[in-house]
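A closer look at the structure
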Amino acid sequence: MNLEKICVLLVRPEESRNIGAACRAMANNDITDMRIVGKRTDYDDEKIHILAIHAGYIWEQARFYDSITEATVDCSLSAGTTRRRGKNRKGKLLLPEEFAAEAADITGDRVSGAGGIVAAVFGNERTGLTDEEMAECTIGVTIPSSEEFASLNLSHAVQIICYHLFREKNKGITGYTPLPLSRIDKTVTAIADNLQKIGFFSVTGRADMEMFWRSVLSRAALSEGEAQYIEKTFTKAAGLASRTETQKTQHVPKT
């Protein structure tokens, strides 16, 4: 996924503040190419910058067009977002994650620079994209929401779509690296050793206990910090148990 080849196209937006909030949503997800069907002079620059916070540069470099067709002439794919279905609404509508996967295939990767541009198209706040505007797009995308209150704020819709694109680019990346079994086995040994010290095992049972903890901890996808915390807990528990037993022995009356 090359996010530099993703553009967000706002069609006839009414509220300047929504444009500013959309800028912020885009910046949150490393997307900076904003295009607008409309005129720059129709919008309040100050209101946009208030909501954009530090993403005002996206508004400053935004490009303006007279139609979706004109705005997407350099795009390989244009996805119109809509909550309504029907024969004039592109038939099958992709979910955000499905659209993100397709966009990844088209945009390619940033290193090679190959790939086409993909546009995520958002309609007017009140009416959304009309049938005619949807016809100018090549596919349709829908964001599932409550049947009781299905309408999304423009900037919220932009945030959701951009987030899915961002996550597709960073697929497989987690906040930490789960420990391999070789490291988990060390934690399992620490647990078993400390249980052994306090006499938890009589003659047999240690092997089964080790298998149990290995299975549980591997499913938990532990971080290094979590593994160390578990080890310290069992070590401290064994130490306290040993100290208590020693104190009991010392207070046994002599006969």
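Right, let's walk through the structure included here. (Residues numbered from 1 in each chain as written. Predicted model: local features only at pLDDT ≥ 70, side-chain atom pairs only at ≥ 80, totals over all residues. Heavy atoms only, no water.)

Here we look at the overall build of the protein
Keep this limit in mind: A run of H or I in DSSP becomes a helix once it reaches four residues, and a run of E becomes a strand once it reaches two; helices and strands are each numbered from the N terminus. To get the radius of gyration, use the C-alpha atoms; to get the globule rule, take the number of residues to the power 0.38 and multiply by 2.2 Å. Relative accessible area decides the class of each residue, using a 1.4 Å probe on protein chains only: under 20% of the type maximum gives buried, over 50% gives exposed, and in between gives partly exposed. Here, residues are in contact when the closest pair of their heavy atoms is within 4.5 Å.
Along the backbone of the protein there are 10 helices and seven strands. The C-alpha radius of gyration computed for the protein amounts to 29 Å, which surpasses the reference 18 Å derived for 255 residues by more than 25%, pointing to a less compact arrangement than a globule. With the principal axes as the frame, the protein shows a C-alpha extent of 100 × 45 × 35 Å. For the protein, the residues scored as buried account for 40% of the 255 residues in total. By sequence separation, contacts in the protein at least 24 residues apart represent 80% of the contacts at least 6 residues apart.

Quick word on the sheet that holds strand β4 (residues 75–81)
Stated precisely, the cut-off is as follows: The pairing criterion is simple: DSSP has to find at least two bridges between the two strands.
Across the sheet, which stays open at both edges, the seven strands sit in the order β3-β2-β1-β6-β4-β7-β5 with parallel pairing between neighbours. In this open sheet, the two strands that pair with only one neighbour each are β3 (63–65) and β5 (93–94). Strand direction decides the pairing type here: β4 and strand β6 (residues 117–122), joined by five bridges, are parallel. Among the inter-strand pairings, Leu77 is bridged to a residue of β6, identified as Val118.

Quick notes on the packing of aromatic side chains
Heads up, the rule is: Whether two aromatic rings pair depends on their centres lying within 6.5 Å, for rings of Phe, Tyr and Trp, where Trp uses its six-membered ring; planes under 30 degrees apart make the pair stacked, over 60 edge-to-face, and the rest tilted. Two conditions define a charge sitting above a ring: the NZ of Lys or the CZ of Arg must be within 6 Å of the ring centre, and it must be within 35 degrees of the ring normal.
Counted under the stated rule, the structure contains five aromatic pairs. Ring centres 5.7 Å apart and planes at 90° place the aromatic pair Trp59 and Phe64 in the edge-to-face group. Here Trp59 falls in the buried class, since its relative accessible area comes to 1%. Taken together, Tyr43, Trp59 and Phe64 form an aromatic cluster joined through their ring pairs. Above the face of the Trp59 ring, Arg40 is positioned so that its terminal group lies 4.8 Å from the ring centre.

Quick word on the packing of helix α8 (residues 181–197) against helix α9 (residues 206–219)
Cut-off, in case you're wondering: What counts as an axis is a line fitted to C-alpha atoms, over the stretch in contact for a helix, and the angles between N-to-C directions run from 0 to 180 degrees. Between 65 and 115 degrees an angle is taken as roughly perpendicular, under 35 as roughly parallel, over 145 as roughly antiparallel, and anywhere else as oblique. Helix crossings get a hand from a simple test, with the near helix turned counterclockwise from the far one by less than a right angle marking a left-handed crossing and a clockwise turn marking a right-handed one. Ten residues, namely Ala, Val, Leu, Ile, Met, Phe, Trp, Tyr, Cys and Pro, are considered nonpolar, four, namely Asp, Glu, Lys and Arg, are considered charged, and the remaining ones, Gly among them, are considered polar.
Closest axis-to-axis distance for the α8/α9 pair is 9 Å, and the angle between their directions is 140°. Between α8 and α9, the interaxial angle falls into the category oblique. Considering how the two elements wind past one another, α8 and α9 form a crossing that is right-handed. From α8, Leu181, Ile184, Asp185, Thr187, Val188, Thr189, Ile191, Ala192, Asp193, Leu195 and Gln196 reach across to α9, where they touch Arg206, Met209, Glu210, Trp213, Arg214, Leu217 and Ser218. Residue composition of the contact of α8 with α9, by class: nine nonpolar, four polar and five charged.

Comments concerning the packing of helix α1 (residues 16–28) against helix α7 (residues 154–169)
At a closest axis distance of 8 Å, the pairing of α1 and α7 adopts a crossing angle of 15°. As the angle between them shows, α1 and α7 are arranged roughly parallel. Between α1 and α7 lies a crossing whose hand is right-handed. Seen from α1, the contacting residues are Asn18, Ala21, Ala22, Ala25, Met26 and Asn28; seen from α7, they are Leu154, Ser155, Val158, Gln159 and Cys162.

Section: the side chain of Ser78
Assignment of secondary structure puts Ser78 in strand β4. Ignoring anything within four residues of it in the chain, the contact list for Ser78 reads Thr72, Ala119, Val121, Glu136, Cys137, Thr138 and Ile139.

Describing the nonpolar core
Cut-off, in case you're wondering: Here the nonpolar core consists of buried residues drawn from Ala, Val, Leu, Ile, Met, Phe, Trp, Tyr and Cys, with membership extended through side-chain atoms lying within 4.5 Å.
Leu10, Met34, Phe99, Phe122, Val158 and Leu165 are the most contacted members of the largest nonpolar core, which totals 39 residues. Excluding residues that lie within four positions of it along the chain, Phe122 makes contacts with Val8, Leu9, Leu10, Val11, Thr81, Leu129, Leu154, Ala157, Val158 and Ile161. Membership of the second largest hydrophobic core comes to 14 residues, among which are Leu9, Tyr65, Cys75 and Met134.

Section: the environment of Val11
Within the element layout of this structure, Val11 appears in strand β1 (residues 6–11). Sequence-wise, Val11 and Ala71 are 60 residues apart; in three dimensions their C-alpha atoms are separated by 9.8 Å. Ignoring sequence-local partners within four residues, the contact set of Val11 consists of Val37, Ile68, Val121, Phe122, Gly123, Asn124, Leu129 and Glu133.

Details of helix α2 (residues 45–52)
Put simply, the test is: Polar contact criterion, stated in full: a pair of N or O atoms within 3.5 Å, where within protein one must be able to donate a hydrogen and the other to accept it, and residues adjacent in sequence count only if both atoms are side-chain atoms.
N-cap assignment for α2: the residue whose side-chain oxygen lies 3.0 Å from the backbone N of Glu46 is Asp44. Ile53 sits one or two positions beyond α2 and adopts a positive phi of about 55°.

As for the pairing of β1
Look at any regular strand and the pattern is simple: side chains alternate between the two faces of the sheet. Among the six residues of β1, six are classified as buried, and the element is accordingly described as predominantly covered. Judged by which residues are buried, β1 turns out to be covered on both faces: Ile6, Val8 and Leu10 on one side and Cys7, Leu9 and Val11 on the other are all buried. Pairing between β1 and β6: five bridges, direction parallel. By the bridge assignment for β6, Val8 is matched with Ala120.

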